[in-house]
Amino acid sequence: MTEVVTAAAGADTVIAQDPKDRVIVFDTTMRDGEQSPGASMSLDEKLELAKILEDMRVDVIEAGFPIASNGDFESVRRISEIVTESTICGLARAGQADIDRCAEAIRPAKRGRIHTFISTSPVHMKWKLQMEPDAVLDMVTRSVSHARNLCGDVEWSAEDATRTERDFLRRCVEAAIRAGASTINIPDTVGYTYPSEYEAIFRDLIENVPGADGVIFSTHCHNDLGLAVANSLAGLQGGARQVEVAMNGMGERAGNAALEEVVMALKVRGDRLRHHTGIQTQHITRASRYVSAITGFPVQFNKAIVGKNAFAHESGIHQDGMLKNAETYEIMKPEDVGQGATNLVMGKHAGRAGFREKLKTLGYELGQNALNEAFQRFKDLADKKKHVFDDDIVALVDDALASGTDRIQVKSLRVIAGTEGPQSADLVLTVDGEDHSATATGDGPVDAVFNAIRMAVPHGADLRLFQVHAVTEGTDAQAQVSVRLEEEGRIATGQAADTDTLTASAKAYVNALNNLMARKDKRPLGALASQF
Ligand code: KIV
Ligand code: ZN
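Residues numbered from 1 in each chain as written. Chains lettered and ligands numbered in written order. Predicted model: local features only at pLDDT ≥ 70, side-chain atom pairs only at ≥ 80, totals over all residues. Heavy atoms only, no water.

Draft legend 1. A look at the sheet that holds strand β16 (residues 490-498). Taken together, the three strands give an open sheet; going across it, the order is β14-β15-β16, and neighbouring strands pair in antiparallel fashion. Two strands in the sheet have a free side with no partner beyond their single neighbour: β14 (462-470) and β16. Going from strand to strand, the sheet's axes swing by 15° on average, the running direction of each strand aside. Two strands pair when backbone bridges link them, and β14 and strand β15 (residues 479-487) are joined in this way by eight bridges, in the antiparallel orientation. Paired with alanine 470 across the strands is alanine 479, a residue of β15. The strands touched by helix α16 (residues 501-518) within the sheet are β14, β15 and β16, with β16 carrying the most contacts at an inclination of about 150°. (Pairing = 2+ DSSP bridges. Helix = DSSP H or I, 4+ residues; strand = E, 2+ residues; numbered from the N terminus. Axes fitted to C-alpha atoms, helices over the stretch in contact; angles between N-to-C directions. Contact = heavy atoms within 4.5 Å.)

This is the structure we're talking about:
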């Protein structure tokens, strides 16, 4: 037993932690999260995210679905090469080709896992698989046995488990355990279950399936009814010891249970929930911001744990209480999740060493080239902006990391805007070092800028999202822009930050275009939907 201090109910309480209540945190941001329509990530972005998740001490990283595309295969393989602390998992349907491809992708991993699944509910078996239950049961044994021959760590999932007939679910789980699965996942695929019901399913399986005491049961909850986190916690109370979660609650449709919410509920309410995780929670905000930036999915202001307002106190009564004692209105400290106060960091006279130290506190360890590039951008920003805040630094470094290797870059931009149309843009892009210029008009300045990009580098992609938000307060705030482009089913997101909104818009569009070019070989996951 280990003793930890928790801030339950405002008072510090000592809680004994039993190793058998240690919960394995399985992050699926890069797999189920990436299945959020439009949320695809580039290889470089996934590699960076994998490092952030590893720093956060995520136990298992589900890095992708290797058979879905060459891009997915490559990202699972490369992540397997660079991550040493977390287990790297790949998803596979029940067919041999899927499992073989997955095994190949995770081969370089220090600790690799094959996660194979098949649907078990009547509606999925009849309409999606068009298979009889006995054939599905047989497939469970064959798929898990095949995976076990290739990898010592196999997870099996009963897709749509919560709408599966209980007796059939028990038989499938038993077959998977007999065939060698060490983790059994019970997904609430369509976000349909209810906490007490989900808890009861785990209790039933753990009590009644032979061999259940030798495996780890896992939750995997979707948020269609807004119950994903509550259901995940109920699953733990029913005996599960792994939670499948995604940063910011990303995932199919309404998303998956949010990593930050499940982890912090366990940490803050250690007095009620005896379970605990190994997550270093101070990395949560950085991970959340990074995922939001690379996917272009904003985090709602009032989102629990990671929202901009999660620790803001607006009303006078609350502010008064906070000044007297923060425990009056705060059940956890912002620092616990890495939300520092928006500190004034440094002026333009700051040196490189101080800047590097600042980056470290914000969770960045950059190589020499990236550091030089970020430092130059910081100096440029400090020239333009009176106060440079932590959030400015985060936006600037993410921007430098996102666009550093781009083949197309914005060299210069001049825009005419105002009430007298047409608005126009004069633009110079460099493509592999060679200048391409264009002048275009448009329906507003942003339209003019994007038209000029299309003229300078002709392409067929359609604009799917254009989003701007201010990084900090004030009229000299940097604008952070996200752009999503789509071409023949391929989707790519780009982002950029600049004190000039139009420059940020041009750079974000160009970044998205670079990402689109880099993933030309990636097929959408939807193309695989109903086969196995
Ligand atoms: O929701 C689900 O059922 C899944 C499985 C593939 C685990 O994501
Ligand atoms: Zn899912």
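Draft legend 2. Highlighting the site of ligand 1. Close to ligand 1 lie Arg31, Asp32, His115, Phe117, Ser157, Glu159, Asn185, Pro187, Thr189, His220 and His222, which account for all nearby residues. One of the side-chain N or O atoms of threonine 189 is found 2.6 Å from an oxygen atom in ligand 1. Counting only elements with at least two residues in the shell around ligand 1, the list comes to β6 (112-119), β7 (154-159) and β8 (183-188). Of the residues that constitute the shell around ligand 1, the class distribution is two nonpolar, six polar and three charged. (Near = heavy atom within 4 Å. Polar contact = N/O pair within 3.5 Å; in protein donor to acceptor, adjacent residues only side chain to side chain. Nonpolar A, V, L, I, M, F, W, Y, C, P; charged D, E, K, R; others polar.)

Draft legend 3. Expanded view of the pattern of salt bridges. Tallying each qualifying case throughout the model produces 39 salt bridges. For the salt bridge of glutamate 81 with arginine 78, the shortest nitrogen-to-oxygen distance reads 3.9 Å. With glutamate 81 and arginine 78 both in helix α2 (residues 70-82), this residue pair falls three residues apart, about one helical turn. Put simply, arginine 113 and glutamate 155 hold a salt bridge, and the shortest N to O gap is 2.8 Å. With arginine 113 in strand β6 and glutamate 155 in strand β7, the pair connects residues that are 42 residues apart, well separated along the chain. Here the two residues arginine 113 and glutamate 155 agree in accessibility, since each one is buried. In the salt-bridge network here, residues are joined through shared partners; they are Asp18, Lys20, Asp21, Arg241 and Arg274. (Salt bridge = Lys/Arg side-chain N within 4 Å of Asp/Glu carboxyl O. Buried < 20%, exposed > 50% of the residue type's maximum accessible area, 1.4 Å probe, protein only.)

Draft legend 4. Examining the environment of alanine 304 more closely. Its location among the elements puts alanine 304 in the loop between α10 (284-295) and α11 (316-324). Separated by 40 residues in sequence, alanine 304 and methionine 264 have C-alpha atoms that sit 9.7 Å apart. Not counting residues up to four positions away in its chain, the partners in contact with alanine 304 are Glu260 and Glu261.

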